[in-house]
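Here are the chains, one letter per residue:
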Amino acid sequence: MTTATPTKFKKTEIGLIPEEWNVLPIYELAQWINGLAFKNIHFSPSGKPVVKINELKYGVTGQTQFTEDMFDEKYHLHKNDLLFSWSGSPDTSIDAFWYDLPDGWLNQHIFKVKPKESVFVDFLYYIFKTYKQRFIEIARDKQTTGLGHVTLADIKRFYVALPPMTEQTKITEILSSLDDKINLNSEINANLEKLATTLFKKWFVDIEDELPEGWRIGTFGEAVENFDSKRIPLSSMERKPGSYPYYGATSIMDYVEDYIFDGTYVLLGEDGSVAKKDGKPFVQYVSGKIWVNNHAHVLQGKNGFSTEYIKVFLDQVNIVPFVTGAVQPKLNQANMNSVPMIIPDQKTLIKFNEILSVLFGMILENESQTKNLEQVRDSLLPKLMSGKIRAKPL
């Protein structure tokens, strides 16, 4: 049963906590295993993935490296291992993760964290989430060339409050119920996007013989409005921390204090990370106030093509033939605009846009609900983890 306040507090070096709780360095709560420094000789076309921060954030992609070599079992990753990324861009890389990929090998700059018997692993995960901003600030203070670090020395100096195991379990039940709903929304959105892609292929790709009357082969440039000229790249030192996402070629790279776009856009990787392993491009569907650097094309639909249509079209394109540069792959505007594209009649286009409007409307609604759930969770998190709100078992 949850009550508003604990019955008694005690003073500690980290402030007031319930008297039955203890204060310990977070280092003493677990075993910390840093990953291996892999070399090129370890990599092979197949095998188990070498897990870096990109794999934790985006899964196995065309940029993932693999190895068939064998290493000490302590570096072997299995589902539900708790990981802490301690090095990288502070605002987007310093974080805790549940491992949810095929068995792999742990790369350096990530700790595998194995809790002691007195610590519930889910509670340890929420300790990381509670103090995420503090860890980010530590990394920022050591930031050089865009990268920051949280070392074992920092972790040994970092003290946290630890309740009895029964209360740890109750706290995590409350927080994980919110995270479960957030994860469910993410899964629903992934399925909605798959449905949109499946319908697109059925309507516009799997066409037998000749095109229907009134349809023709055109080019991608006929269907998109390009906003690349409004992009502004910022170096890591130029970015002032804020709440607006700062996008790169494949993902959010940071959060900054201002925005340059406000609306719904498709971001298409322009250089560096352009094509995935299967030849498909890196595509992001974004909405709201955002900042975009010069590594992603910023697009909206035009001439009757919705922005959502552009998204599902790009999701099934083999972009490799249009990419130049062996060392630094690039998809320039001219090549992007030349990608062949079926131009259907307006009646068909309107009908399909209506279907996409429903599907992506549900996606955006789920994303909005997720943001609200995250706000509730983030509001409860420090209160539960400090004992200001108690979560005592019945």
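The structure this text deals with has already been given above.
The structure reproduced in this document is the subject of the present report. Note that the structure is predicted; figures quoted are calculated from it, not measured.

Definitions and limits used
- Residues numbered from 1 in each chain as written.
- Predicted model: local features only at pLDDT ≥ 70, side-chain atom pairs only at ≥ 80, totals over all residues.
- Heavy atoms only, no water.
- Helix = DSSP H or I, 4+ residues; strand = E, 2+ residues; numbered from the N terminus.
- Buried < 20%, exposed > 50% of the residue type's maximum accessible area, 1.4 Å probe, protein only.
- Areas by Shrake-Rupley, 256 points an atom, 1.4 Å probe, with all protein chains shown as cover.
- Lys, Arg positive; Asp, Glu negative; His and termini not counted.
- Charge placed at Lys NZ, Arg CZ, Asp CG, Glu CD.
- Core = buried A, V, L, I, M, F, W, Y, C linked by side-chain atoms within 4.5 Å.
- Contact = heavy atoms within 4.5 Å.
- Phe/Tyr/Trp six-rings, centres within 6.5 Å; stacked < 30°, edge-to-face > 60°.
- Lys NZ or Arg CZ within 6 Å of the ring centre and 35° of its normal.
- Pairing = 2+ DSSP bridges.
- Axes fitted to C-alpha atoms, helices over the stretch in contact; angles between N-to-C directions.
- Parallel < 35°, antiparallel > 145°, perpendicular 65-115°, else oblique.
- Nonpolar A, V, L, I, M, F, W, Y, C, P; charged D, E, K, R; others polar.
- Salt bridge = Lys/Arg side-chain N within 4 Å of Asp/Glu carboxyl O.
- Patch = residues over 30% accessible without salt bridge, like charges linked within 9 Å, V, L, I, M, F, W, Y side chains within 5 Å.

Turning our eyes to something else, we now look at the overall build of the protein. For the protein, the helix and strand inventory stands at nine helices and 24 strands. If one aligns the C-alpha atoms of the protein with their principal axes, the spans along those axes are about 80 × 50 × 40 Å. Within the protein, the proportion of its 394 residues that are buried is 44%. A total accessible area of about 19,700 Å² is found for the protein, and carbon and sulfur atoms account for 52% of it. Positive and negative side-chain charges in the protein, numbering 44 and 49 respectively, have mean positions lying 5 Å apart.

Let's shift gears to the nonpolar core. Counting 37 residues, the largest nonpolar core has Ile 26, Phe 84, Leu 124 and Phe 128 as the members making the most contacts within it. Contributing elements (two or more residues each) for this core: strand S5 (30-34), strand S9 (82-85), strand S13 (110-115), helix H3 (121-130), helix H4 (132-141), strand S15 (159-162), helix H6 (165-205) and helix H9 (346-386). No other element matches the six residues that H3 contributes to this core. When residues no more than four places from it in sequence are discounted, the contact partners of Phe 84 are Trp 32, Ile 94, Asp 95, Ala 96, His 109, Ile 110, Phe 111, Val 113, Phe 128, Phe 135, Val 150 and Ile 155.

In the structure shown here, the tally under the stated rule is 29 aromatic pairs. Relative to Phe 158, the ring of Phe 135 has its centre 4.7 Å away and its plane inclined at 25°; by these criteria the two rings are stacked. Of this pair, Phe 135 sits in helix H4 while Phe 158 sits in the loop between helix H5 (152-156) and S15, placing them 23 residues apart in sequence. Across the pair, exposure class does not vary: Phe 135 and Phe 158 are buried alike. Ring pairs connect the aromatic residues Phe 200, Trp 203, Phe 204, Trp 215, Phe 220, Phe 305, Tyr 309, Phe 313 and Phe 352, which therefore count as one cluster. One cation-aromatic arrangement involves Lys 156 over Tyr 27; the distance from NZ or CZ to the ring centre is 4.9 Å.

Here we come to the sheet that holds strand S8 (residues 76-77). Within the open sheet, the four strands sit side by side as S7-S6-S12-S8. Their pairing is mixed. Two strands close off the open sheet at either side, each with one partner strand: strand S7 (66-67) and S8. The pairing of strand S6 (residues 48-51) with strand S12 (residues 104-106) spans two bridges and is parallel. Paired with Val 50 across the bridge in S12 is Trp 105.

Quick look at the packing of helix H7 (residues 307-314) against H9 now. Following both chains from N to C, one finds H7 and H9 inclined at 90°, their axes separated by 9 Å at the closest point. Looking at the two axes, H7 sits roughly perpendicular to H9. On the side of H7, the interface is formed by Glu 308, Tyr 309, Lys 311 and Val 312, while H9 contributes Leu 349, Phe 352, Asn 353, Leu 356 and Phe 360. Of the residues that constitute the contact of H7 with H9, the class distribution is six nonpolar, one polar and two charged.

With that out of the way, let us pick up the sheet that holds strand S21 (residues 283-292). Read across the sheet, six strands follow the order S17-S22-S20-S21-S18-S19 without closing on themselves; strand pairing throughout is mixed. Two strands lie at the open edges of the sheet, namely strand S17 (224-226) and strand S19 (252-256), each paired on one side alone. Strand-to-strand twist in this sheet, taken as the mean axis angle between neighbours without regard to direction, amounts to 40°. Running over the sheet, H7 touches S17, strand S20 (261-269), S21 and strand S22 (296-301) and is turned about 15° from S20.

This brings us to the pairing of S22. Most of S22 is tucked away, with five of its six residues classed as buried. Pairing of S17 with S22, which is carried by three bridges, proceeds in the antiparallel orientation. Looking at the pairing, Glu 225 lines up with Gln 300 of S22. Alignment of S20 against S22, held across four bridges, turns out to be antiparallel. By the bridge assignment, Leu 267 is partnered in S22 with Val 298.

Right, let's get into the pattern of salt bridges. Under the counting rule described, the total for this entry stands at 20 salt bridges. The partner of Asp 154 in a salt bridge is Arg 157, with the nearest N and O atoms 2.8 Å apart. A salt bridge links Asp 228 to Arg 231; the nearest nitrogen and oxygen atoms lie 4.0 Å apart. Summarising the burial analysis for this pair, Asp 228 and Arg 231 share the class buried. Here the salt bridges do not stand alone but share partners, grouping Asp 228, Arg 231, Glu 270, Asp 271 and Lys 330 into one network.

Bringing a negative patch on the surface into the picture now. A cluster of acidic side chains, namely Asp 206, Glu 208, Asp 209 and Glu 210, defines a negative patch on the protein surface. Mapping Asp 206 onto the fold places it in the loop between H6 and strand S16 (216-219).

Turning our attention to unusual backbone geometry. In this structure, His 109 is a non-glycine residue whose phi angle is positive, near 80°. Following the sequence through the fold, His 109 ends up in the loop between S12 and S13. Although it is not a glycine, Asn 303 sits at a positive phi angle of roughly 55°. Tracing the backbone through its elements, the reader meets Asn 303 in the loop between S22 and H7.

A separate point is H7. Of all eight residues in H7, eight are buried, a share of seventy percent or more. Restricting attention to buried positions, one finds in H7 the residues Thr 307, Glu 308, Tyr 309, Ile 310, Lys 311, Val 312, Phe 313 and Leu 314.

Looking at the element boundaries, Pro 90 is found in helix H2 (residues 90-93). Expressed as a C-alpha distance, the spacing of Pro 90 and Asp 141, which sit 51 residues apart in the sequence, is 9.6 Å. If near-sequence neighbours (up to four positions away) are discounted, Pro 90 is found in contact with Ile 136, Ala 139, Arg 140, Gln 143, Gly 146 and Gly 148.

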